[in-house]
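Understanding the architecture of this molecule
One-letter residues, chain by chain:
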Amino acid sequence: MWYQAGKFILKHRFPLLVLLALATGFMGWQASKVQLSYDFTRALPTDNPKYQDYQAFLKKFGGDGNTMVIGIGSEKFYNKEFFNELADLHQRLKKVSGVTDILSIPEVVTLKNDSITKKLVPEKIFHYPYSSQALLDSDRAVLENLPFYRGLLYNADSHSYLLAVNVNKDTINSKSRTRLINDIMHEVQLFEKKTASTVHSSGLPFIRTTIGNRIKNEMNWFLAGSLILLVITMFLFFRSFSATVMSLVVVSAGVIWSLGTIVLLGYKITLLTALIPPLVVVIGIPNCIYFLNKYHTAYIDQKDKYKALVTMVGRMGIVTLFCNIAAAIGFAVFALTHSDLLKEFGEVAGINIMVLFFISLIFIPAVLSYLPPPEEKHTRYLENALLEKILLRIERWTFHHATWVYSVTAVITVLAVIGIFRIKSEGFIVDDLPKKDKIYTDLKWFEQEFGGVMPLEILVDTKKKKGIFRIAPINKIDELSAYIAADSSTARPLSFVEGLKFAKQAYFDGDSLSYTVPYESDMVFMAPYLQSKNDSVKTADNRNKGFQKLISTFMDSSQQVARISVNMKDIGSAKLPVLLNDFQKKADEIFDTASYKITFTGSSISFLEGSSFIIKGLKESIVWAFALITLCMLYLFRSFRILVCSLIPNLIPLVITAGLMGWVGISLKPSTVLVFSVALGIAIDVTIRFLINYKQELPHYNNQVSQTLVQTIRHTGISIIYTSLVLIAGFIIFCFSDFGGTKALGWLTSLTLVVGTLTNLILLPVLILSTSGRKNGKK
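Presented here is an overview of the structure given in this document. None of these values were measured; they are calculated from a predicted model.

It is characteristic of soluble globular proteins that their nonpolar side chains tend to be buried jointly. By size, the foremost hydrophobic cluster in this structure holds 147 residues, and its most contacted members are I285, I688 and I768. Element by element, the count of residues in this core is highest for helix α12 (residues 340–370), at 17 residues. Membership of the second largest hydrophobic core comes to 99 residues, among which are L86, Y161, L443 and L480.

Further remarks concern the pairing of strand β4 (residues 119–124). Regular strands place their side chains on alternate faces of the sheet. In terms of strand pairing, strand β3 (residues 109–114) meets β4 through six bridges, oriented antiparallel. Counted as the bridge partner of L111 is P122 from β4. Hairpin connection of β3 to β4: four residues between the antiparallel strands, including K118 at a positive phi of 55°.

Taken as a whole, this structure holds ten cavities of 30 Å³ or more when the rule is applied. In this structure, the largest cavity occupies an estimated 110 Å³ of space. What lines the largest cavity is simply Y290, N293, K294, T297, M316, V319, R689, N693, Q696, H715, T716 and S719. For the lining of the largest cavity, the elements supplying multiple residues, two or more each, are α10 (276–302), α11 (305–332), α23 (670–697) and α24 (705–732). For the lining of the largest cavity, the element with the highest residue contribution is α10, accounting for four residues. The class makeup of the residues in the lining of the largest cavity is three nonpolar, seven polar and two charged.

Examined against the element boundaries, T209 turns out to sit in helix α8 (residues 204–238). On the basis of relative accessibility, which here comes to 2%, the residue T209 falls in the buried class. Sequence spacing of T209 and R177 is 32 residues, and the spatial spacing of their C-alpha atoms is 6.8 Å. Setting aside residues no more than four positions away along its own chain, T209 makes contact with I172, R177, T178 and I181.

Enumeration over the complete set of coordinates arrives at 28 aromatic pairs. Where F83 meets F126, the ring centres are 4.9 Å apart and the plane angle is 40°; that geometry is what we call tilted. Note that F83 is positioned in helix α4 (residues 80–94) and F126 in the loop between β4 and α5 (133–143), a separation of 43 residues in sequence. By relative accessible area, which is 0% here, F83 ends up buried. Ring geometry for F591 versus Y596: centroids 5.1 Å apart, planes at 70°, classification edge-to-face. Taken as a pair, F591 and Y596 share a single burial class, namely buried.

The subject of this paragraph is the side chain of S197. Checked against the element boundaries, S197 lands in the loop between α7 (177–195) and β7 (199–202). Of the polar contacts made by the side chain of S197, one reaches the side chain of T195; its length is 2.6 Å. Leaving out residues up to four positions away in the same chain, S197 has contacts with F82, F191 and E192.

The rules behind the values
- Residues numbered from 1 in each chain as written.
- Predicted model: local features only at pLDDT ≥ 70, side-chain atom pairs only at ≥ 80, totals over all residues.
- Heavy atoms only, no water.
- Core = buried A, V, L, I, M, F, W, Y, C linked by side-chain atoms within 4.5 Å.
- Buried < 20%, exposed > 50% of the residue type's maximum accessible area, 1.4 Å probe, protein only.
- Helix = DSSP H or I, 4+ residues; strand = E, 2+ residues; numbered from the N terminus.
- Pairing = 2+ DSSP bridges.
- 1 Å grid on protein atoms, 1.4 Å probe; cavity = no way out; pocket = protein on both sides within 12 Å on 5 of 7 lines; lining within 4 Å.
- Points joined across faces, edges and corners; volume = space filled by probe spheres on them.
- Nonpolar A, V, L, I, M, F, W, Y, C, P; charged D, E, K, R; others polar.
- Contact = heavy atoms within 4.5 Å.
- Phe/Tyr/Trp six-rings, centres within 6.5 Å; stacked < 30°, edge-to-face > 60°.
- Polar contact = N/O pair within 3.5 Å; in protein donor to acceptor, adjacent residues only side chain to side chain.

Function cannot be read off these values alone, since they describe shape.
Here it is as structure tokens:
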């Protein structure tokens, strides 16, 4: 069948190439319309309780995680020149397109009791620009008499100060987010230059945008660098410009098809689907190497280009098909999960790995048929003296040192298994950043000075309309807030109760001792001041800064659900559940579950829960992939003995990689778990090629196992080694990344490639020989 396929391709080579070029051109046109996705919650399935809680929160309150924070640590903060520059920064930031609101010390207000209108009227505390230091000091004293702002906008003990910049949620979730953050940072850097001070920047919008842009830029450079290294390495091996360019065209076409498929399926590029182009290169390069290797060996034997090409397709067609099927299965199983991110990744990767097979099958023999026959320099790599020595040594290990092979394998595997039990599964929002990176150090500055910037939201549902303004829930919310504030991982929570304390202080003419939870009698007297939002007072400059605006952010329109907003440290996915369980336990003690419903949510929880869900999905998918590949191998070889022999060399590289991760302290996270999927696809590829070649050669050697193994090691071993070296060259460049996850992806995948090559060239022949009955026996 495959020999006939080879003749058909060569007979209709021109129309097939034209058809392939037209189809690739169409996919290129589609690929030009590809868009990036900025939705960070899609890792969770829609039926996930935490996803549903977060969506319900967004529906009621509009969102969280839309605040960028700017921090200043300076003892000259209240120097009039410095303060005037800060006030000017506030005004410039307000003009940035996409900035919706700013909370900073120059613009803070106090509340004044207007006993005539029964209103709490907001008045600005600071009156910049200042020419008098005494006036600034006087206004500063007013601010420091308001406990509401203490710990929120300043830390008096360390002279640290904060500006909170709220950004438009639609802008920060679109491609304009880079422009928005750059515009903000431009103004911040101008302030730094004018004041000769150091400014710290953080918050989810800033972190996500900056890290996302860095990763995107790195991936673009690394993809280009990987292709360049692959091209150089292949040229050094094959000494053929045409073979190198042909291979580059195959993988480039695969990349175009993958991007076009994303558009045709109605998807956008996510952090996972962005990895598909490098994966296409990983799968495509072996296809090219094995086809070229078989073409060269066949031409040396037959001295006829046409026959060599037919033999190439006839012998390697089925091998490449099953290799790509196995790799496609390894990724397509992600489509069986409930996560949209993983589904899209699985569908696009699975489809395009199979498309890559057809591109290779059509393009390589058709183009080779137009090129002149290979010259002696093009096939010289087949007689590499160093490789011949290595392969001869492998033969000796197979036939004379099987015990040593088993012993070394067993010891290394046992050590690896011990290491597996040391692996931790933990992720951070600023995962993988170097400890000296400014994003990381700025985040730690905010955690030290203000308790963190990661948003945690707690919803208190009283199950009654206007139920939150009763004295009982007010006291309970204050008690829970005090408990949370006492934890070292969180900042002081904000809720409408803090607004009531602020209002009570204003009602009692600014007495700071009155910043307490109102008594029931206080609520009676303050009732006229707690009017609906529509009755809020507008200040002279037409900004609605009334009391209701202050507290309405922390309640729903029916005044049934109260919101407690907490900024917390980036404590990681391992500690977060422990912290939340502690808060939940305390909430259950304070609130009667029959009368209240307490919900913990927020973008931080959704983000870390999404990472954990991806890790879980990847783990399950790897198990399913291994099971399906096992069935595929059983169908292909129709031998349980060969099946067992094929699985062991593929399991061991994964076990060794996982064990090493445990020993060196690399945590399981999406970037590192993905290593196993990539490694499984590559390792099984080598196994299939070795075993099919073994199966094809067996009849030619009268079913003599020993002679067939020698021939298989010598012929297939060369292409396996070359393929591994080329792929390692492609992956090793990722080791130069600034991100720990990308760096780990590079060296862990390279390590797995090395181990997989060794197990398939050394352990697999030993297993086949040991289970064949006798060394020179028949199969």
